[in-house]
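These are the residues of each chain, in order.
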Amino acid sequence: MSLSFSSQPDAAQDMVYAWLKQHVLTLPRHETTFLTESQVCRETGVSRTPVREAFLRLEADGLLKIMPKKGAYIAPITEAEIDDIMQARRLVEEWCAQQASSFGSSVADGLDDMIARQEQVRNDPVAFIESDREFHRTIVRAAGNAVLATFYESLRDRQVRMGVHAISVGSRIDEVLVEHRAIVDAIRAGQPGRAVAAVGEHLARTLTALRAPAFGGRAAVSRAAE
């Protein structure tokens with residue numbers, strides 16, 4: 001069934017972009033797919049121009065690769081890429097949590113609000129993971145190192161697709177919320193060693209979930225969103 005779009009070209013492009021991004025991010029991380037412009041036009045009910053522009057935006061996000069005169073290729077996320085990204089995250093986030101601990105409640109209060117937001121969107125996997133990213137981004141930014149913050153942003157959307165897979169494993173959503181609260185408690189208490197340990201434990205558990213076999217693929221994500 002076609003989506004309903006505004007007659008404004010920019011609005012159509014934005015909505016196709018959002019539709020495609022949702023499609024890509026909920027694709028199980030071990031799967032690959034190929035999308036043609038005509039296919040997306042049929043699904044969304046728009047012309048080729050906004051579809052083409054949306055493809056370009058998603059390519060800039062690192063979520064797909066445009067194949068000239070063919071369409072867009074969405075590659076699987078490999079085990080090696082998962083390991084590389086999680087190693088990079090650990091290096092950045094443990095140091096940043098240590099630094100953020102010196103700010104105590106001024107950082108922790110904002111993180112509490114983000115956990116509350118995650119509670120509200122726990123039935124929407126993409127929204128949950130995007131709010132998860134905002135939680136971790138806040139800690140990174142609080143550390144005050146602009147170079148690390150910029151590097152961390154370069155990992156952004158690959159983390160979302162990986163994260164959607166991770167929270168489909170068992171009771172991972174509940175575990176994430178508990179682990180986030182442990183990180184916040186350590187930061188609020190101004191205990192850098194405890195904060196580093198909490199971040200390390202959280203990322204280690206996330207890596208375990210990422211390595212777990214997918215069950216049900218996109219259907220599992222659909223059930224979670226019901």
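Residue numbers run consecutively from 1 along every chain, following the written order of its sequence. Since the coordinates come from a predicted model, pLDDT governs what is reported: local features require at least 70, and pairs of side-chain atoms require 80 or more to be given and counted, while whole-chain, interface and lining totals use all residues. The side-chain values count all of the structure's non-hydrogen atoms but skip hydrogen atoms and water molecules.

### Regarding the side chain of Arg-89
Only DSSP runs of H or I with at least four residues qualify as helices, and only runs of E with at least two residues qualify as strands; both kinds are numbered from the N terminus onward. One can find Arg-89 in helix 4 (residues 79-100). Look at Arg-89 and you get buried, because its relative accessible area is 6%. In protein, a polar contact requires one atom able to donate a hydrogen and another able to accept it; more generally it is a pair of N or O atoms within 3.5 Å, and residues adjacent in sequence count only if both atoms are side-chain atoms. Within polar-contact distance, the side chain of Arg-89 engages the side chain of Glu-93 at 2.6 Å. Contacts were defined at the residue level, with two residues in contact if any of their heavy atoms lie within 4.5 Å. Those residues within four positions of Arg-89 in sequence are excluded, and the remaining contacts are Glu-94, His-136, Tyr-152, Leu-155, Gln-159 and Leu-203. Each residue gets one of three labels from its accessible area relative to the maximum for its type: buried under 20%, exposed over 50%, partly exposed in between, using a 1.4 Å probe on protein chains only.

### Brief notes about a nonpolar patch on the surface
Patch membership requires over 30% relative accessible area and the absence of a salt bridge. Like charges are linked within 9 Å, and nonpolar side chains (Val, Leu, Ile, Met, Phe, Trp, Tyr) within 5 Å. Exposure was quantified through the Shrake-Rupley algorithm and a 1.4 Å probe, taking into account, for residues, occlusion by the shown protein chains and nothing else. Here a salt bridge means any side-chain nitrogen of Lys or Arg lying within 4 Å of a carboxyl oxygen belonging to Asp or Glu. Residues Phe-34, Met-67 and Tyr-73 make up a contiguous nonpolar surface patch of about 240 Å² in total accessible area. Looking at the element boundaries, Met-67 is found in strand 2 (residues 65-67).

### Concerning helix 5 (residues 105-120)
Taking 1.5 Å of rise per residue, 16 residues should cover 22 Å, and helix 5 covers 22 Å from first to last C-alpha, within 8% of that figure. Residues Val-107, Ala-108, Leu-111, Met-114, Ile-115 and Gln-118 constitute the buried set of helix 5. Taken end-on, helix 5 shows its buried residues confined to a sector of 115°, consistent with a single buried face. For helix 5, the exposed residues set more than 90 degrees away from the buried face come down to Ser-106, Asp-113 and Gln-120. Against helix 4, helix 6 (125-142) and helix 9 (172-188) lie the buried residues of helix 5. What a helix should span is 1.5 Å times the count of its residues minus one. Think of it as the arc spanned by the lines of direction from the helix axis to the C-beta atoms.

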